[in-house]
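What follows is each chain in one-letter form.
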Amino acid sequence: MARSHTAPAAALFPGLISIELTVNGAKVKLDIAPWTTLLDALRDRMGLMGTKKGCDHGQCGACTVLVDGRRVNSCLTLAVMKDGAEVITVEGLATDGVLHPVQQAFIDHDAFQCGYCTPGQICSAIGLIAEGKAKTPDDIRELMSGNICRCAAYPNIVAAIQQAMDAS
Amino acid sequence: MNNFQYSRATDVADALSQIASDASAKFIAGGTNLVDLMKYDVEHPSRLIDISHLPLTKIEETTAGGLRIGALVPNSDLAWHPLVTERYPLLSSALLAGASAQLRNMASTGGNLLQRTRCLYFYDVATPCNKREPGSGCPAKEGINRINAILGTSDACIATHPSDMCVALAALDAEVHVAGPNGERTIALVDFHRLPGDTPQRDTNLDPKEIITAIELPPQGFSKHYTYLKIRDRLSYAFALVSVAAALRMDNGTTRDARLALGGVAHKPWRNPEAEAALNGQAANTDTFARAADIVLHEAKGFGRNTFKIDLARRTIIRALTQAMNGTPQSQSSKKIA
Ligand SMILES: Cc1cc2nc3c(=O)[nH]c(=O)nc-3n(C[C@H](O)[C@H](O)[C@H](O)COP(=O)(O)OP(=O)(O)OC[C@H]3O[C@@H](n4cnc5c(N)ncnc54)[C@H](O)[C@@H]3O)c2cc1C
Ligand code: SF4
Ligand code: FES
Ligand code: FES
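Remember, predicted model here, so these are calculated numbers, not experimental data. (Residues numbered from 1 in each chain as written. Chains lettered and ligands numbered in written order. Predicted model: local features only at pLDDT ≥ 70, side-chain atom pairs only at ≥ 80, totals over all residues. Heavy atoms only, no water.)

Caption draft 1: Highlighting the overall build of chain A. Within chain A one finds 6 helices and 5 strands. For chain A, the sequential pattern of α-helices and β-strands runs α-β-β-α-β-β-β-α-α-α-α. Here the C-alpha atoms of chain A give a radius of gyration of 17 Å, agreeing with the 15 Å that 2.2 N^0.38 yields for 168 residues. If you line up chain A on its principal axes, its C-alpha atoms span 55 × 35 × 30 Å. (Helix = DSSP H or I, 4+ residues; strand = E, 2+ residues; numbered from the N terminus. Rg over C-alpha atoms; globule rule 2.2 N^0.38 Å.)

Given below as structure tokens:
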């Protein structure tokens, strides 16, 4: 969870900007430097380490989260620009200890090896299913191409997403 | 990333007055190019003026029968919009050939136009580069230039413009609407980006004090005979080595109106009116397509590692025109080239 502030840091450091995000359903207030990415805000300020930093340049998808329901690369997103937004990370997917169907499908299909890309893959897959454009395995492959898996678990990732898509 | 000030623009007039008051401020929309370049210290603005909340997000039909696309429409929304998929499928296809689903959700129409080159030396601040530091030199000419240009190059710079969207917009004769301190003006997309000449630091004819407000498409969308064929080192999530937007109006096997624009080969989306004129009124077949390709490429010049692009472009043009003629546009999902 977010570290609590006793004094508003934005008042002490004029460069900081006060923002409020809803992260995994909880309101989070942050005084933040404008150059802080959403990824760094999640990991360093809110302690949400599920979202991974792979390349930090939009090239791997490990940092994918859902902002207002859309999948985005949090490493290229400045947190200040998302003041007021709703953010969902991999930590916010399970409800009452029950895994999200996409999380379950990744387990059912053994859709990972080291797991580093997995939070990004899962958030991206949830975004893909919500977009409703993928109909075929080719479509899934193409529309998931923004998520690199260094372990090359791709066939199982496609199968997992297919299962979750069919069930949704 | 350098430290910078941040402010939100409340409307277009406010955005213009903010940018006018600080010569090293920049607008930020989706941030997918600018934040990346700031992380490499290629860009270091004193202030970012956030225009992402401005109400430039509509896609509307114009009275002329065309389409007006707000500068802040995300690339994904534009690609999947029913008016675009039905009437301008070439544009939709080009957008879906670019970047990734996440990036397209973030990237804006205006930002896509202004994305900067992917030349490796431009990105590497440890090396000289005339575009980044005018007068410092162009190591790409003798260096790693696989992705660099073969047409319209200059002694100073051989960079390409990396956008896919702009190649389709060039073929479709789109116009760019901009607002600035002296009011509004319209720039034809084919005149929007510049050739490097001896001022490679300037990518476009947009003034730094101006803002893009919209893109306008004329009524003719070439929805029957078109393709966007993008050739790259990976099948997905890679910039074009060569891409071709081809659009034809056909009449009984004869080409009536041909549009041919190339990406990945020049500092701007490349159109050649002579090549298009050579197709018009002629039977559509491999011979006439090859002649058009020869016209486009007769002044092409390679720099060693990118010389293969001349032959690749020739074959891609012929293949793309054939796909357009047959009404079998390249799928951006199944990667088999028809
Ligand atoms: C890993 C990766 C892969 C990619 N692959 C592709 C690809 O295959 N094909 C492709 O075409 N693109 C690709 N892209 C590039 C992507 O399409 C661009 O980064 C994106 O379109 C830029 O839009 P933006 O809104 O994020 O721009 P920003 O980063 O916000 O801005 C870019 C520039 O435009 C200026 N600007 C933005 N909006 C306006 C406006 N309305 N008026 C005036 N100035 C403005 C900004 O000041 C800035 O200088 C890729 C990017 C990444 C990171
Ligand atoms: S080609 Fe242009 S961008 Fe690349 S190094 Fe030369 S001057 Fe710089
Ligand atoms: S860490 Fe964001 S895309 Fe790689
Ligand atoms: S499981 Fe290791 S990178 Fe994907």
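Here the narrative resumes.
Caption draft 2: Spatial organisation of the interface of chain A and chain B. Contact residues are listed per partner, giving 33 residues for chain A and 37 residues for chain B. Note on chain A versus chain B: buried area summed over both sides is about 2800 Å², and carbon and sulfur give 55% of it. Between Arg-70 of chain A and Asp-77 of chain B there is a salt bridge, and its shortest N-O distance comes to 3.0 Å. At the junction of chain A and chain B, the tally comes to 17 residue pairs in polar contact (both at pLDDT 80 or more). The set of elements that each furnish at least two residues to the side of chain A that touches chain B consists of strand E4 (70-73), helix H4 (118-131) and helix H5 (137-143) of chain A. (Contact = heavy atoms within 4.5 Å. Buried area = accessible area lost by both parts, 1.4 Å probe. Salt bridge = Lys/Arg side-chain N within 4 Å of Asp/Glu carboxyl O. Polar contact = N/O pair within 3.5 Å; in protein donor to acceptor, adjacent residues only side chain to side chain.)

Caption draft 3: Broad picture of helix H13 (residues 308-326) of chain B. Residues and elements named next belong to chain B. The end-to-end C-alpha distance of H13, which contains 19 residues, comes to 27 Å, matching closely the 27 Å that a straight helix rising 1.5 Å per residue would cover. Those residues of H13 lying buried are Lys-309, Leu-312, Ala-313, Thr-316, Ile-317, Ile-318, Ala-320, Leu-321, Gln-323 and Ala-324. Tucked into the core, H13 has its buried residues touching strand E9 (225-231), strand E10 (242-251), strand E11 (254-263), helix H11 (273-279) and helix H12 (286-297). Gly-327 sits one or two positions beyond H13 and adopts a positive phi of about 65 degrees. (Expected span 1.5 Å × (residues − 1). Buried < 20%, exposed > 50% of the residue type's maximum accessible area, 1.4 Å probe, protein only.)

Caption draft 4: Just the domain arrangement of chain B, in detail. With domains assigned, chain B is organised as domain 1 (1-50) and domain 2 (225-326). Inter-centroid distance (C-alpha atoms) of domain 1 of chain B to domain 2 of chain B is 37 Å. (Domains from an automatic or database assignment.)

Caption draft 5: The pattern of salt bridges, seen in detail. All names here are of chain B. Tallying each qualifying case throughout the model produces 26 salt bridges over all chains. When the shortest N-O distance is used, the salt bridge between Lys-131 and Asp-203 registers 2.7 Å. You can see Lys-131 sitting in the loop between helix H8 (120-123) and helix H9 (165-171) and its partner Asp-203 sitting in the loop between helix H10 (189-192) and strand E8 (211-217), a full 72 residues away along the chain. Asp-203 carries the same exposure label as Lys-131, and that label is buried. Through salt bridges with shared partners, one network takes in Lys-26, Glu-43, Arg-116, Lys-131 and Asp-203.

Caption draft 6: Spotlight on the sheet that holds E10 of chain B. Residues and elements named next belong to chain B. Reading across the sheet, the 4 strands line up as E9-E10-E11-E12 and stay open at both edges, with antiparallel pairing between neighbours. Strand pairing shows two members of the sheet lacking a second neighbour, E9 and strand E12 (270-271), which therefore form its edges. Relative to E10, E9 runs antiparallel, the two sharing 7 bridges. Opposite Tyr-228, over in E10, you have Ala-245 as the bridge partner. Relative to the sheet, helix H5 (residues 89-96) contacts E9 and E10, its axis offset from that of E9 by approximately 15 degrees. The strands that H13 touches are E9, E10 and E11; relative to E10, the one it contacts most, it runs at about 35 degrees. (Pairing = 2+ DSSP bridges. Axes fitted to C-alpha atoms, helices over the stretch in contact; angles between N-to-C directions.)

Caption draft 7: Region of the structure containing the site of ligand 1. Around ligand 1 there are 35 residues in total, and Phe-27, Gly-31, Thr-32, Ser-108 and Asp-164 of chain B lie nearest to it. Chains contributing residues to the immediate surroundings of ligand 1 are chains A and B. Between an oxygen atom of ligand 1 and a main-chain N or O atom of Gly-31 of chain B, the distance comes to 2.7 Å. One of the backbone N or O atoms of Leu-34 of chain B is found 2.8 Å from an oxygen atom in ligand 1. Taken by itself ligand 1 offers 980 Å² of open surface, and the protein chains cover 96% of this. Within the residue set of the shell around ligand 1, elements represented by two or more residues are strand E2 (25-28), helix H7 (109-114) and E8 of chain B. (Near = heavy atom within 4 Å. Areas by Shrake-Rupley, 256 points an atom, 1.4 Å probe, with all protein chains shown as cover.)

Caption draft 8: Representation of the packing of H12 of chain B against H13 of chain B. All names here are of chain B. Packing of H12 against H13 brings their axes to within 9 Å, and their N-to-C directions diverge by 140 degrees. As far as their axial angle goes, H13 and H12 are oblique. Of the two possible hands of crossing, H12 and H13 adopt the one that is right-handed. Along the contact surface, H12 presents Thr-286, Phe-289, Ala-290, Ala-293, Asp-294, Val-296 and Leu-297, while H13 presents Ile-310, Ala-313, Arg-314, Ile-317, Ile-318, Leu-321, Thr-322 and Met-325. Of the residues contributing to the contact of H12 with H13, the split by class is 11 nonpolar, 2 polar and 2 charged. (Parallel < 35°, antiparallel > 145°, perpendicular 65-115°, else oblique. Left-handed = near helix turned anticlockwise from the far one by under 90°. Nonpolar A, V, L, I, M, F, W, Y, C, P; charged D, E, K, R; others polar.)

Caption draft 9: Main features of the site of ligand 2. Taken together, the neighbourhood of ligand 2 is formed by 14 residues, with Cys-119, Cys-129, Cys-138, Cys-157 and Ile-158 of chain B sitting nearest. Taken together, the residues of the shell around ligand 2 break down into 11 nonpolar, 2 polar and 1 charged.

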